[in-house]
Amino acid sequence: MFVDVGANVGLFTTLGARLVRSGGEVWAYEVDDRNLTYLSANVAANYVGDWTVIRPVGAWSSNETLVIDPRGEFRGDTRLVEQGSGARITAVTLHEDLPERHIRLVKIDVEGAEGHVVHGLMPRLLVPDVDFLVLEALPHLLGEEQNRRLQTLLGTLLALGARFYLPLGNAGLLRRTSPRTVLTGSGAAHLVCRLSKR
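First things first, this report covers the structure right here in the doc. Everything numeric here is computed off the predicted structure, so don't read it as measured data.

**Here we look at the overall build of the protein chain**
Helix and strand content of the protein chain: six helices and twelve strands. Sorting the 198 residues of the protein chain into buried and exposed places 45% on the buried side. Residue pairs at least 24 apart in sequence account for 71% of intrachain contacts in the protein chain once pairs closer than 6 positions are excluded. Taken as a whole, the protein chain presents about 10,400 Å² of accessible surface, with 53% of it coming from carbon and sulfur.

Written out as structure tokens, the structure reads:
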């Protein structure tokens, strides 16, 4: 199973669905109505709808209602807001929402809230029932509080025995790295976390 959290318009959802084919399953989570339209269209256009589940809910650390502001600078720049005139969304924990199947890969790109998503998946990580996590890690763009949360998240994953890797350009290769390198890096990074089989 492949899980795409922050699926946006479906680039990774459709790629993942083409890789798992009809013998696998893809679950795509997206809360922005504008993106959901394109996500659904891309899944249909790629003929992967039979094994792709689109969930118009947020993945979070608890089951609750959140308020988001989807009017960021670019499509997919949806942010959580404390109060105000945002859109109300339903948020769920991945642990409770996903079926009881082994998860090969979870991709999480949720604008600095990755720790909340991982917290909601934690019971599955402790089993362990997940092989890989791919997280967007952009410490140079995050505020101080978000950087602290990223540091805490990486420490938690390290305690679970995770090994960390960064992509090497466009070659499809990975190089081993450390949480410290990620936190002090200045470029965009999709951090690959390989979870150990305890």
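Now, onward.
**Some words on the nonpolar core**
If you look at the biggest cluster of nonpolar residues, it comprises 34 residues, and the most contacted ones within it are Val5, Tyr29, Val106, Val118, Leu125, Leu133 and Leu157. With five residues, the top contributor of residues to this core is helix α4 (residues 114-126). Among residues more than four places away in sequence, those in contact with Leu133 are Leu105, Val106, Val118, Leu121, Leu157, Leu191, Val192, Cys193 and Leu195.

**A short note on helix α5 (residues 144-159)**
Here α5 is 16 residues long and its end C-alpha atoms lie 23 Å apart, about the 22 Å a rise of 1.5 Å per residue gives. Of the residues making up α5, those classed as buried are Gln146, Leu150, Leu153, Leu154 and Leu157. Along the long axis of α5, the arc covered by the buried residues comes to 95°, so they all point the same way. For α5, the exposed residues lying more than 90 degrees away from the buried face are Glu144, Thr152 and Ala159. Immediately beyond the C-terminal end of α5, within one or two residues, lies Gly161, with a positive phi of roughly 90°.

Quick notes on the rules
- Residues numbered from 1 in each chain as written.
- Predicted model: local features only at pLDDT ≥ 70, side-chain atom pairs only at ≥ 80, totals over all residues.
- Heavy atoms only, no water.
- Helix = DSSP H or I, 4+ residues; strand = E, 2+ residues; numbered from the N terminus.
- Buried < 20%, exposed > 50% of the residue type's maximum accessible area, 1.4 Å probe, protein only.
- Contact = heavy atoms within 4.5 Å.
- Areas by Shrake-Rupley, 256 points an atom, 1.4 Å probe, with all protein chains shown as cover.
- Core = buried A, V, L, I, M, F, W, Y, C linked by side-chain atoms within 4.5 Å.
- Expected span 1.5 Å × (residues − 1).
- Arc of directions from axis to C-beta.

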